[in-house]
Structures are given as C-alpha cells and as structure tokens.
Amino acid sequence: MSEPTSMPPEIKVSKSVGFWREAWTRFRRRGTSMAAFYFVCFMAFVALFAPAIAGTKPIVCKYKGHIYFPAMGYFKNTWENPVFQKDRFRKRYPVNLKEKDPLSWAIWPLVYQDPFRRIREGEMPGQPANPSRDEGEPNRYNIFGTDTRGVDIFAQMVHGTTIALLVGFVSMGIASTIGITVGAMAGYLGGWTDMIVSRLIEVVMCVPTLVLILALIAIIDRPTIWHVMAVIGCTGWTGIARLTRAEFLKLKQTEFVSAARAMGYKPLRIVFRHILPNAMAPVLVPISFGIASAILIEAGLSFLGFGTPPPNPSWGTMLQTGRNNLDMWWMTFYPGMAIFLAVLAYNLIGEGLQHATDPRLRSN
C-alpha cells in the first residue's frame, strides 16, 4: 500500500495595511513631527474655544428666565443676543447681570480679560484695573502683560490664534482647490491643455504675492482679512499644480488606469476615483509648507500695518505695536514666539509628511 501523501504546509499571507496607514505609522516615528502635530492641534483647540479661555462675556448665562451665550459675539457680533444692548449692558456683564436680574447666573471664561479693550476698576469683583503704558508688566491678572492701552496681551494672543489658523487653512484651501484641479487637467489631458496650463502657471509664478496684496489693499475701500486670504490662495497654487501635473503624467500610464479605461469607466471617475487618491500623498507636503508661508505673510503684512484691520487681534499687529515700545519686551516676545512656533510646526509637519510618503526617503 502506498503511504498517504502529506499535506503541504499552509502558507499565511499577511494583509497589506495600506499606504496611508503605513505613512501614518512612519510619520508617528518622527518625534519632532508628532510634537508639531500636537502643537497644531493645541492651536486649533485654542482658536475654537478662544471665548471660553479669555474674555469678558459669559460663556453661558441665565438672564430674565432665558439662556444666552454672549461669548459667541467674539466670533461674530450678530451672534450676541441684542437684549444686552437693549438693556444697556455696555459690555459690563458681571455687575449688570446682578443689578438688572438678581436671579441671574453666568459661567465665565477662564481668564477675565478682553482682547479689544482695557479692564477697568470694579468691573469684576476682586480684580483691579489693567495697568497701561510701561506699567503693564506681566502680573497675576495679566500673565503676558498689557499693551500701551492697557489691553491684555494674553487675551489678544488667544483670539489672534483664530486669525492665524484661518489665514493658513482658508488660503491654502483655495490654493489646493485651484492647484489640484488645474494640475489634474494638465496632467491627464496633456496636449494643448497641458501647454496652456503650464504657461499660465509660469505667468502666475511671476506675480509677487506681497505686491499684489498691497495693490489690492490700495484699491479696496475697506479691506478685510478675507481679501488677504483670497489673494494668497489665488497666487499660491502654482507649486501644488505643478506637482499634481507631474503625478498625473506618471500615474495615467500605469496598469490600473489602463484597466479602468478598458472597463469603460468615464474619465471623471478615472481621475477622481483612481488617479487622484494615489497622487495626493506628495501634494500634502507643499500644502503644509504653504500654510506656514501664509501665516508668515499675514504676520508680515500686519507688522507693516497692511494686514488684519483693527480691532481684530493679530500677532503681527501686536509685533508692530511693540516695535514702537521696545522697553515693553513682553509686547514683542510673546507674539513673536507664537509666530515662530506656528511656522516651525507646519514646516516640521511638512518635513514629516515628505519622509513618510516618499519611498526614496524612507528608512527602516
């Protein structure tokens, strides 16, 4: 009798974790990039909850039997209920709430300081008035000191974080939308489309962003921070477009794209479903660097007096005020350090993304 044949050993095939999960794993191995990522998350938290961190308006209060959220007025004036203007609070909530409604209650921000005005004597029970001019050194009630008008530096920096993040994300959101769309068209269609788009990119690259912003400010009667974001976004898409174009030129020749064409998929599905997800990894790197550049441009414009219009707090505007009062070191040190750390964080994130997504830079 023949001996029974032994079964071949079972071969275990490990499932691929996927490109993005592998890139995230490699990104987490870089301590500096992860520290920068956590710092950006902290900035986002501060920007989102700025009225609850520093302000003079209650986060939530009960007044005459109704619940209100006056602190939302820091984001937009119309979000603050008009009942407080009708009852003539004049932005003095602690005293007026008790005088006009003894049964009222309120939950206050962590730091009772306003980013737009000076705190006066008796405004908050047990808290003195803010010092002004060269007497506004950091103290118990003003941990970062005050400016020449007596406005708290810490409150201005907390609310200025919102502007810093808005400038970076909104401007690069515009730039990314334009750059990815234009670059994808040029790379996938090729021919005359590629030639025209390439010449357009070269023309836009010749236009200095700073000069264009200054020209726009000179033309518009009431420039806002949104105009600055739009200009930065409309001029900062060229690098993203060129990188997207190069990725599309490479990927449209691959086998999986040829298979998608053979299956009869329409060009839009091939572009957005098959090519674009595989081309996004290297595009994220210039987007991260662009956010840092946008923050630096806005701070530079505000420092020169052409940035965020008052009374909106901006780190660059605070630096410009501190330049005229060099003896008040706290007016330049804290906002300057915030700008430095924010730009450094985004640059470190961009560097980490580059090492995590580029196979040539990967190290085991």
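Let me begin by describing the structure that accompanies this report. (Residues numbered from 1 in each chain as written. Predicted model: local features only at pLDDT ≥ 70, side-chain atom pairs only at ≥ 80, totals over all residues. Heavy atoms only, no water.)

Bringing the packing of helix α10 (residues 238-251) against helix α12 (residues 267-304) into the picture now. α12 packs onto α10 with a crossing angle of 140° between their chain directions and a minimal axis gap of 9 Å. The pairing of α10 with α12 is recorded here as oblique in orientation. As α10 packs across α12, the resulting crossing turns out to be right-handed. Residue-level inspection shows Ile240, Leu243, Thr244, Glu247, Phe248 and Leu251 of α10 in contact with α12, the latter providing Val271, Ile275, Leu276, Asn278, Ala279, Pro282, Val283, Pro286 and Ile287. A class-by-class count of the residues in the contact of α10 with α12 yields twelve nonpolar, two polar and one charged. (Axes fitted to C-alpha atoms, helices over the stretch in contact; angles between N-to-C directions. Helix = DSSP H or I, 4+ residues; strand = E, 2+ residues; numbered from the N terminus. Parallel < 35°, antiparallel > 145°, perpendicular 65-115°, else oblique. Left-handed = near helix turned anticlockwise from the far one by under 90°. Contact = heavy atoms within 4.5 Å. Nonpolar A, V, L, I, M, F, W, Y, C, P; charged D, E, K, R; others polar.)

What follows is about the pattern of salt bridges. Overall, the coordinates contain ten salt bridges when judged by the stated rule. A salt bridge links Glu351 to Arg30; the shortest N-O distance between them is 3.5 Å. Linking Glu351 in helix α14 (residues 330-357) with Arg30 in the loop between α1 (19-28) and α2 (31-48), this pair joins segments that are 321 residues apart in sequence. One salt bridge connects Glu202 with Arg199, and the closest N-O pair in it is separated by 3.0 Å. Of this pair, Glu202 and Arg199 both sit in helix α7 (residues 191-205), three residues apart, roughly one helical turn. Residue classification places Arg199 among the partly exposed positions, given a relative accessible area of 42%. A single network of salt bridges, built from pairs that share partners, joins Arg92, Arg117 and Glu123. (Salt bridge = Lys/Arg side-chain N within 4 Å of Asp/Glu carboxyl O. Buried < 20%, exposed > 50% of the residue type's maximum accessible area, 1.4 Å probe, protein only.)

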